[in-house]
Amino acid sequence: MKRVFYFLVANLAIVLVLSITLSLLGVEPYLKEGGLDLGSLMVVSLIFGFGGAFISLALSKWTAKRFTGAVVITNPSTEYEIWLLNTVRTQAQRVGIGMPEVAVFDSAEVNAFATGMTKNRSLVAVSSGLISAMTRDEAEGVLAHEISHITNGDMVTLTLIQGVLNTFVIFLSRVIGYVVDKAVFKTKRGTGPAFFITRIIAEIMLGILASIVVMSFSRKREFRADAGAATLAGREKMIAALEKLQLTQRATVMPAQLAAFAISGNPASGLKKLFATHPSLEERIASLRAS
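In this text, all values refer to a predicted model and were calculated from it rather than measured experimentally. (Residues numbered from 1 in each chain as written. Predicted model: local features only at pLDDT ≥ 70, side-chain atom pairs only at ≥ 80, totals over all residues. Heavy atoms only, no water.)

> Honestly, the sheet that holds strand β4 (residues 101-105) in this entry has me stumped. Any pointers?
To summarise the sheet geometry, strands pair through backbone hydrogen bonds and adopt either a parallel or an antiparallel arrangement. The 4 strands are arranged β3-β4-β6-β5 in an open sheet whose pairing can be described as mixed. Bordering the open sheet on either side are β3 (71-72) and β5 (112-118), each of which pairs with just one other strand. Summarising the sheet, β3 and β4 pair through 2 bridges and their orientation is antiparallel. Looking at β4, one finds that Val72 is bridged to Ala103. (Pairing = 2+ DSSP bridges. Helix = DSSP H or I, 4+ residues; strand = E, 2+ residues; numbered from the N terminus.)

> Help me out: how do you make sense of the packing of aromatic side chains in this one?
Aromatic ring pairs: the centre-centre distance and the angle between the two ring planes describe each pair. With the rule as written, the count across this model stands at 2 aromatic pairs. Judged by centre distance (5.3 Å) and plane angle (50°), the rings of Tyr80 and Trp83 are tilted. On the criterion of helical spacing, the pair formed by Tyr80 and Trp83 is a turn pair, its members being 3 residues apart in helix α4 (residues 79-95). Among the residues examined, Tyr80 registers a relative accessible area of 15% and is labelled buried. The class for Trp83 is buried, based on a relative accessible area of 16%. When the centroid spacing of 5.6 Å and the interplanar angle of 40° are considered together, the rings of Phe105 and Phe113 count as tilted. (Phe/Tyr/Trp six-rings, centres within 6.5 Å; stacked < 30°, edge-to-face > 60°. Buried < 20%, exposed > 50% of the residue type's maximum accessible area, 1.4 Å probe, protein only.)

> Even after reading the chapter, I still don't get the confidence of the model for the protein chain, so can you show me in this structure?
In low-pLDDT regions, the fine details of the predicted coordinates are not to be read closely. Summary statistics for the protein chain give a mean pLDDT of 86 and a share of 89% for residues scoring 70 or more. Scored below 50 in pLDDT, residues 251-265 shows 25 contacts in the model against residues more than four places distant or in partner chains. (pLDDT = per-residue confidence, 0-100. Contact = heavy atoms within 4.5 Å.)

> What should I look at first to understand the nonpolar core in this one?
Most often, soluble globular proteins keep nonpolar side chains buried together rather than apart. Counting 35 residues, the largest nonpolar core has Leu84, Val126, Leu130, Met134, Leu143, Ile147 and Leu242 as its most contacted members. Of all the secondary structure elements, the ones that give two or more residues to this core are α4, β4, β5, β6 (121-127), α6 (136-151), α8 (193-233), α9 (235-251) and α10 (281-290). Setting aside its immediate chain neighbours within four residues, Leu242 contacts Asp226, Leu281, Arg284, Ile285 and Leu288. By size, the runner-up hydrophobic cluster in this structure holds 9 residues, among which are Met155, Leu165, Val169 and Leu206. (Core = buried A, V, L, I, M, F, W, Y, C linked by side-chain atoms within 4.5 Å.)

If you want it as structure tokens, here you go:
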């Protein structure tokens, strides 16, 4: 959940900042005297759509560390830190990727995440709550799950999907803003305030709708990462880790800043399923048992 949350927040913020900055500077080459130049608009949308997504990817490790306060283990001082480093190193070598940075963040929730721009420049972080709650076999399953996300290139795939969605969000929001400005507010020359305001509102709303597509991808990749972890650490260890998450999530209160995103592993119905980052833990366990 965390890696998707950080990526989406950073991506939305970057796209909005770029959009507002260009408007304030008057850099809008798609606005011609004869109207909206759709060809130029598509080029601008592609540049800033993928640009925003890849900037988010480049900042993903920094953002994750900043948001969680994760501290990278450089000189392990405890037996558990030594075990964490050795386990991640062994798993990374088995799948043929560079050694990720390994970090611990202070949180009562049982959680872990992996992020990074490339397979060889990644970060794996675990919470202090996970260290306290899980056995080493269970923690090994979680680490293998995160290493599988890195190996599968999930962050890069997410970036490409987000880039395509950003492009359409930027393109459509400006078309909507232009139509509203001309058809509803009857602006005759150039564009009026309605174009700017409507465009920003449309950008936010379309961005939320686009997140449904991202969440769908997120749910599918969890099954792939579970399967990878089962191969890397053993199916029973991964199942045991998911079963422990079932127990701990029922008792864990998510931090206020993440409360709105506390869907992972919890039952979801109706529209909530569209915004769930993960399948239910029951589905994931059943999938592993059936494999």
